[in-house]
Amino acid sequence: MIAVCIATYNQETFLTQAIESVLAQQCDEPLHIYIGDDASTDGTSAICERYAKQDERIVYIRRKENLGLVSNTIDLYCRIIADNCDFIAMLDGDDYWIDNHKLQKQLNYLCKHPECGIVHTEALEERNGQQHKLPKENIPTGDLSLRYDLRGARQTNSTVLFCTDLLNTKELRAIEAQQFPVLDYPLYGLLAHHTEFGYLPSPTAVWRRHNSVSQPQTLHTRIHYQRERLRMWKWLDKQYEGHFHFRWYKAFLWYIWQFFYILFAQIKKMLYLCSRF
C-alpha cells in the first residue's frame, strides 16, 4: 500500500491539480491519499471534502486549528504508520505530478535496489507560470550518512517516495519538538543515516516556486529562515555525534555573510535617504 501524503493550507488555486495528478497514477500497488488540511480559510476545505466523497481512497483530515506545516505533516505520518502502509509518497499541495507512471517507476527502482529505502526524481521548476529544468548538481544519491548536505542537497520534496518502516514515532516527535519551520530538511537528514538514496533522472513533478515558508522573498525573512536552518544543522550534529559538524560550520559562515549583507543594505538605504536632505 502506498500512502500519498499531502499537507495543505490555503491552496485552493493549486490543490485540484495536485489531487488529479495522483488519481491519474497507473500503479500495481494500491494507494490511499492522506490530506491534512491545516484549518484553511479559503476554498481548500470544500475541494478536499468533494474529492473525499467521490473517492474512498482519500483520507481527509480537517484540523480544528492551525498546527503548522511540521505538526500537520507529522500527524499524517503517524496515521499512515498506524494504517500499516508500506510506502509514503510526498506531494506538496501546490505542486503536481506530470508522469502517470511515477509511483510504479519508483517502486520498480526500490525492488531492483534493496539497499535504497528512498528514491526521488528530477523535477521541473515553475516560476511565474514558466517551467524550467533544474541544474543537475548536488543531487543526493547513494550512502549519504557522512555527507548529506542540507544546504546544498537538492531533492524536490514532491518527487520523494520512501519506505514507511524508516520512520519511527520517537524520531518524528523529536523533530516536532524542535519547532523547525520546515520538515523535509531534518527528516531527510535523519533518513540519510538509515538508508541509501536512489534517484531517477526523468522529471515526474512540477515544483512551484513562490513565497512560502521554505521560499521566503524578503531579506528579513530570508535571514530568519537561514537562522532556523543553522539551528537544524546544530540539532542534527548533536543527534549524530558530529557527523554534521562541517555542514553546520559552513551554514554558520553563510549566515554571518547574510547578516552583514542585510546590515549593509540598510545602511546604504539610510545614507541614500540622508543625502536627499
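Before reading on, note that the structure itself is shown above.
These lines cover the structure that appears in this document, whether it is placed above or below. (Residues numbered from 1 in each chain as written. Predicted model: local features only at pLDDT ≥ 70, side-chain atom pairs only at ≥ 80, totals over all residues. Heavy atoms only, no water.)

Bringing the packing of helix α1 (residues 15-23) against helix α2 (residues 44-54) into the picture now. Contact geometry of α1 with α2 gives a least axis separation of 10 Å together with a crossing angle of 25 degrees. On the basis of their axis angle, the class for α1 and α2 is roughly parallel. Crossing of α1 against α2: the hand is right-handed. Contacts between α1 and α2 involve L15, T16, I19, E20 and L23 from the former and T44, I47, C48, R50 and Y51 from the latter. Of the residues belonging to the contact of α1 with α2, the class tally is 6 nonpolar, 2 polar and 2 charged. (Axes fitted to C-alpha atoms, helices over the stretch in contact; angles between N-to-C directions. Helix = DSSP H or I, 4+ residues; strand = E, 2+ residues; numbered from the N terminus. Parallel < 35°, antiparallel > 145°, perpendicular 65-115°, else oblique. Left-handed = near helix turned anticlockwise from the far one by under 90°. Contact = heavy atoms within 4.5 Å. Nonpolar A, V, L, I, M, F, W, Y, C, P; charged D, E, K, R; others polar.)

A few words now on the pattern of salt bridges. Considering all chains together, one arrives at 9 salt bridges under this definition. Between R57 and D55 there is a salt bridge, with its nearest N and O atoms 2.8 Å apart. Classification of R57 as partly exposed rests on a relative accessible area of 31%. With a shortest N-O distance of 2.6 Å, K105 and D99 are connected by a salt bridge. Look at K105 and you get partly exposed, because its relative accessible area is 36%. (Salt bridge = Lys/Arg side-chain N within 4 Å of Asp/Glu carboxyl O. Buried < 20%, exposed > 50% of the residue type's maximum accessible area, 1.4 Å probe, protein only.)

Turning our eyes to something else, we now look at the packing of aromatic side chains. Under the counting rule described, the total for this entry stands at 2 aromatic pairs. Ring centres of Y77 and F162 lie 6.2 Å apart, and the angle between their planes is 80 degrees; this geometry places the pair in the edge-to-face category. You can see Y77 sitting in helix α3 (residues 69-82) and its partner F162 sitting in strand β8 (residues 161-163), a full 85 residues away along the chain. For Y77, a relative accessible area of 1% translates into the label buried. Relative accessible area serves as the criterion here: at 0%, F162 is assigned to the buried category. Ring geometry for F180 against W235: centres 5.8 Å apart, planes inclined by 70 degrees, an arrangement best described as edge-to-face. Note that F180 is positioned in the loop between α5 (169-177) and α6 (184-191) and W235 in helix α7 (residues 219-239), a separation of 55 residues in sequence. Residue F180 shares its accessibility class with W235, and that shared class is buried. Residue placement shows K102 over the ring face of W97; its charged tip is 4.4 Å from the ring centre. (Phe/Tyr/Trp six-rings, centres within 6.5 Å; stacked < 30°, edge-to-face > 60°. Lys NZ or Arg CZ within 6 Å of the ring centre and 35° of its normal.)

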